[in-house]
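# Inside the fold
Take a look at the letters that make up each chain.
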Amino acid sequence: AIEKDPALKGRLDDWAAMLKRYPAALERYNTQILPDWQKAVEKAKAEGKIPPQKPRPPEGELSPNRPGNLYNGMIVPLMPYAIKGAVWYQGENNAGRAYQYRQLLPAMIQSWRDAWGCGDFSFYTVQLAPHHAIVKQPGDATWAELRESQWLTTKALPNVGAVAINDVGNETNVHPTDKEPVGHRLALQAEAKTYGMKVVSDGPTYRDMKVEGAAIRLNFDHADGGLVGKGDALTGFAVAGADKKWFNADAKIDGATIVVSSADVKEPVAVRFGWADYPVVNLWNGAGLPAYPFRTDDWPGRTWPKPVKP
């Protein structure tokens, strides 16, 4: 699947070059890096200090990071068995190349479906949890871009869903400890979309916007039970004018819509919500599910490939 996609094949080329360098890198690791580390450990112990961590060895053919290795080792052995669906919690290592993930995740899902040969079985993803330091001023964020790629995958392929977990993050731990909301929301996806049960499975989802003078009105889907702000005021909204400078916005629920504005932006043209590595947001629906992060602007400094079926 990776070889067939020109946007992804570069990863295989990078690994091919790395494997050519592997024998020399391993030799240097064993004869220089490792002995230097052992000396540093002995010195630290003698001085009553904390020893340095052991350096990671160079990655070779058996590395779990090599494209295809985890697939061949952990997915292929399952393929003789029947499957109803899959849940997928991953993406942290891809945040630095989030736009590539728009191709990579759909390609992986399609490759699984092709290999099992039983149709477009359900596939439910978990958007990245909040992580890294909380930033008060709005701007670009690689983790937000990755969450967007995860969401776009739900539009690229059939029977793909996503859950938002913007309320269970941790600034210093990439693996948040509160797993119950994650499992519950994945279960709702399966109950509603795989088994046809009458339950609400998605939080508020941005539909469209309308500029109204110095404000922007936002419309949402999946506002079951109404839009709900948990707190004194809605948080996580930002607006920008044509100059592309972002400012925190005042946001108010108005019936089934939200109106956002900022005294710093007289003529707003775009809105972002939850657009941060660690978003601080409090918009939910009446069914108890958090809103998905989104942006309305089309201003990235990179090419925006449209999600397509592999």
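Please refer to the structure higher up on the page.
Residues numbered from 1 in each chain as written. Predicted model: local features only at pLDDT ≥ 70, side-chain atom pairs only at ≥ 80, totals over all residues. Heavy atoms only, no water.

On to the overall build of the chain, then. Looking only at helices and strands, one finds 5 helices and 13 strands in the chain. In terms of overall dimensions, the chain has a C-alpha envelope of 70 × 55 × 35 Å along the principal axes. In the chain, buried positions account for 39% of the 310 residues. Counting contacts in the chain only where the partners sit at least 6 residues apart, residues at least 24 apart contribute 69% of the total. (Helix = DSSP H or I, 4+ residues; strand = E, 2+ residues; numbered from the N terminus. Buried < 20%, exposed > 50% of the residue type's maximum accessible area, 1.4 Å probe, protein only. Contact = heavy atoms within 4.5 Å.)

One finds W88, W112 and F123 to be the most contacted residues of the largest nonpolar core, which totals 19 residues. At the level of secondary structure, the elements contributing two or more residues to this core comprise β1 (85-88), α3 (98-116) and α4 (142-156). Counting residues per element, this core draws most heavily on α3, at 7 residues. Residues within four places of W112 in sequence aside, it is in contact with Y71, I75, A86, W88, F121 and F123. (Core = buried A, V, L, I, M, F, W, Y, C linked by side-chain atoms within 4.5 Å.)

Here the largest pocket is characterised by a volume of approximately 1,200 Å³. Contributing to the lining of the largest pocket are 35 residues, with P67, G68, L70, L104 and M108 lying nearest its centre. Listing elements by their share of the lining of the largest pocket, those giving two or more residues are α1 (6-46), α2 (69-75) and α3. A total of 8 residues in the lining of the largest pocket trace back to one element, the largest contributor, which is α3. Looking at the lining of the largest pocket residue by residue, the classes come out as 19 nonpolar, 11 polar and 5 charged. (1 Å grid on protein atoms, 1.4 Å probe; cavity = no way out; pocket = protein on both sides within 12 Å on 5 of 7 lines; lining within 4 Å. Points joined across faces, edges and corners; volume = space filled by probe spheres on them. Nonpolar A, V, L, I, M, F, W, Y, C, P; charged D, E, K, R; others polar.)

Our focus in this paragraph is the packing of aromatic side chains. For the coordinates displayed, the defined rule picks out 10 aromatic pairs. Ring geometry for W112 against W116: centres 6.2 Å apart, planes inclined by 55°, an arrangement best described as tilted. In this pair, W112 and W116 are both assigned in helix α3, 4 residues apart and thus about one turn of the helix distant. Judged on exposure class, the residue W112 and its partner W116 are both buried. W112 sits in the buried class, given a relative accessible area of 8%. Taken together through their ring pairs, the aromatic side chains of W88, W112, W116, F121 and F123 make up a single cluster. Positioned above the aromatic ring of F121, the side-chain terminus of R113 is 5.9 Å from the ring centre. The lysine or arginine in question, K230, covers the ring of W284, its NZ or CZ lying 3.5 Å from the ring centre. (Phe/Tyr/Trp six-rings, centres within 6.5 Å; stacked < 30°, edge-to-face > 60°. Lys NZ or Arg CZ within 6 Å of the ring centre and 35° of its normal.)

Evaluated as defined, the whole model comprises 1 cavity of 30 Å³ or more. Considered as a void within the structure, the largest cavity measures approximately 50 Å³ in volume. Lining the largest cavity, in full, are A162, V163, A164, R185, S201, D202, G203, L289, P290 and Y292. Taken together, the residues of the lining of the largest cavity break down into 6 nonpolar, 2 polar and 2 charged.

Right, let's talk about the pattern of salt bridges for a bit. This structure, assessed with the given rule, holds 13 salt bridges. The shortest N-O distance in the salt bridge between R217 and E212 comes to 2.9 Å. Of the residues examined, E212 reaches a relative accessible area of 32% and is grouped as partly exposed. A salt bridge links R272 to D297; the nearest nitrogen and oxygen atoms lie 3.0 Å apart. With a gap of 25 residues between them, R272 in strand β11 (residues 270-273) and D297 in the segment after β13 (294-295) connect regions that are remote in the sequence. (Salt bridge = Lys/Arg side-chain N within 4 Å of Asp/Glu carboxyl O.)

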